[in-house]
Amino acid sequence: MAPEFEHAVLRALRDIPPGRVSTYGTLAALAGYPRHARHVGALLGRLPAELALPWFRVVGSGGRIARPGSEGADYQRLLLQQDGIELDSKGRVDLFRYGWPPAYFLR
DNA sequence: CGGGCGGCCAGGA
DNA sequence: TTCCTGGCCGCCC
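Position labels on residues start from 1 in each chain and follow its written sequence. Throughout, the order in which chains and ligands are written sets their labels, letters from A for the former and numbers from 1 for the latter. Selection of residues for local features in this predicted model requires a pLDDT of at least 70, selection of side-chain atom pairs for listing and counting requires 80 or more, and totals for whole chains, interfaces and linings are taken over all residues. The basis for every side-chain value is the complete set of heavy atoms in the structure, and neither hydrogens nor water enter the calculation.

**Student:** Looking at this model, I keep getting lost on the overall build of chain A. Mind explaining?
**Tutor:** Labels follow the DSSP assignment, with helices taken as runs of H or I lasting at least four residues and strands as runs of E lasting at least two, numbered in each case from the N terminus. For chain A, the count of helices and strands is 5 helices and 2 strands. Walking chain A from its N terminus toward its C terminus, one meets helices and strands in the order α-β-α-α-β-α-α. Relative to a compact globule of 107 residues, whose C-alpha radius of gyration would be 13 Å, chain A shows 13 Å and is just as compact. In terms of its C-alpha atoms, chain A occupies a principal-axis envelope of roughly 40 × 30 × 20 Å. Taking all 107 residues of chain A together, 41% fall into the buried category. Values of the radius of gyration come from C-alpha atoms, whereas the globule rule sets the reference at 2.2 Å times the count of residues to the power 0.38. When a residue's accessible area, from a 1.4 Å probe over protein chains only, is under 20% of the maximum for its type it is buried; when over 50% it is exposed; and in between it is partly exposed.

Here it is, written out as structure tokens:
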């Protein structure tokens, strides 16, 4: 994975404010790499916990938490709630309400 | 709403 | 080099 790509993505990741969420595709675009959503996922998946980065503030395009059923998914749901984010009955986030940056999620 | 399909792009085998 | 596989995405039924 190219260092420039990683740095750009992590920078965008750190810029997501508490209480907001972004998506893999949006983060990739913000970082300057449109269409690289999958790679953002691959990167977030192997982030060392020590870095304490807000990986949990990234969800799929439909506001869905990735890899449902997995242990990490439950943890992510918990962290999002602690962040003050409401999840609907199906565990999805309303991007029109919490999406970051706002301009990317206009109704 | 649910499921399939094709497209996306980098790594590993 | 080809082939397969992803914490994805959007379109079509």
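Now, onward.
**Student:** Hey, could you run me through the protein's contact with DNA strand B in this one?
**Tutor:** Consider each residue's heavy atoms; a residue with any of them within 4 Å of a molecule or strand counts as near. The immediate surroundings of DNA strand B are formed by Met1, Ala2, Arg35, His36, Arg38, His39, Lys90 and Arg92. If you look at DNA strand B and keep only atoms within 4 Å of the protein, 81% of those are sugar or phosphate atoms. Contacts to DNA strand B include Arg35, whose side-chain N or O atom sits 3.0 Å from a phosphate oxygen. Contact distances for DNA strand B include 3.0 Å between a base oxygen and a side-chain N or O atom of His39. Gly is placed with the polar residues, together with every amino acid not listed as nonpolar (Ala, Val, Leu, Ile, Met, Phe, Trp, Tyr, Cys and Pro) or charged (Asp, Glu, Lys and Arg). Of the residues in the surface near DNA strand B, the class split is 2 nonpolar, 2 polar and 4 charged. Any pair of nitrogen or oxygen atoms within 3.5 Å is treated as a polar contact; in protein, a donor-acceptor pairing is required on top of that, and neighbouring residues in sequence qualify only through side-chain atoms on both sides.

**Student:** Whenever I open this one, the packing of aromatic side chains confuses me. Can you help?
**Tutor:** The description of two aromatic rings rests on the distance between their centres and on the angle between their planes. In summary, the pairing rule links any two rings of Phe, Tyr or Trp, Trp by its six-membered ring, whose centres are within 6.5 Å, and it sorts them by plane angle into stacked for under 30 degrees, edge-to-face for over 60 and tilted for everything else. As enumerated under the stated definition, the model contains 3 aromatic pairs in all. Between the aromatic rings of Trp55 and Tyr75, the centroid separation amounts to 6.0 Å while the plane-to-plane angle is 40 degrees, which identifies the pairing as tilted. Of the two residues, Trp55 sits in the loop between helix 3 (37–45) and strand 2 (58–59) while Tyr75 sits in helix 4 (residues 71–82), which places them 20 residues apart along the sequence. Under the relative-accessibility criterion, Trp55 is labelled partly exposed at 28%. Linked through ring pairs, Trp55, Phe56 and Tyr75 together constitute an aromatic cluster.

**Student:** Got a minute to help me understand the nonpolar core in this structure?
**Tutor:** In a soluble, globular protein the nonpolar side chains are often hidden away together inside. Residues Val9, Leu13, Leu27, Val40, Leu44, Leu47 and Val58 are the most contacted members of the largest nonpolar core, which totals 17 residues. Broken down by secondary-structure element, the contributors of at least two residues to this core are helix 1 (3–14), helix 2 (24–30) and helix 3. Considering each element in turn, this core owes the most residues, 6 residues, to helix 1. A contact between two residues is defined here by any heavy atoms of the two lying within 4.5 Å. Those residues in contact with Val40, other than ones at most four positions away along the chain, are Phe5, Val9, Tyr24, Leu27 and Ala28. We define the nonpolar core as a collection of buried residues of types Ala, Val, Leu, Ile, Met, Phe, Trp, Tyr and Cys that are connected through side-chain atoms lying within 4.5 Å of one another.

**Student:** Would you explain helix 1 in this entry?
**Tutor:** Helical geometry: 3.6 residues make up each α-helical turn, so side chains three or four residues apart lie on a common side. An expected span of 1.5 Å times one less than the residue number is assigned to each helix. With 12 residues, helix 1 should cover 16 Å at 1.5 Å per step; its first-to-last C-alpha distance of 16 Å lies within 8% of that length. All buried positions along helix 1 are accounted for by Phe5, Glu6, Ala8, Val9, Leu10, Ala12 and Leu13. In this structure, the buried side of helix 1 is in contact with helix 2, helix 3 and strand 2.

**Student:** Would you mind going over the protein's contact with DNA strand C with me for this structure?
**Tutor:** Every one of the 14 residues lining DNA strand C counts as a neighbour, but Tyr24, Gly25, Arg38, Ser61 and Arg67 are closest to it. A share of 42% of the atoms of DNA strand C within 4 Å of the protein falls on sugar and phosphate groups. At a separation of 2.7 Å, a base nitrogen of DNA strand C approaches a polar side-chain atom of Tyr24. Take Ser61: an N or O atom from its main chain is 2.7 Å from a phosphate oxygen of DNA strand C. Among the elements of the structure, helix 2 and helix 3 are those that each provide at least two residues to the surface near DNA strand C. It is helix 3 that contributes the most residues to the surface near DNA strand C, 6 residues altogether. Residue classes in the surface near DNA strand C are distributed as 6 nonpolar, 6 polar and 2 charged.

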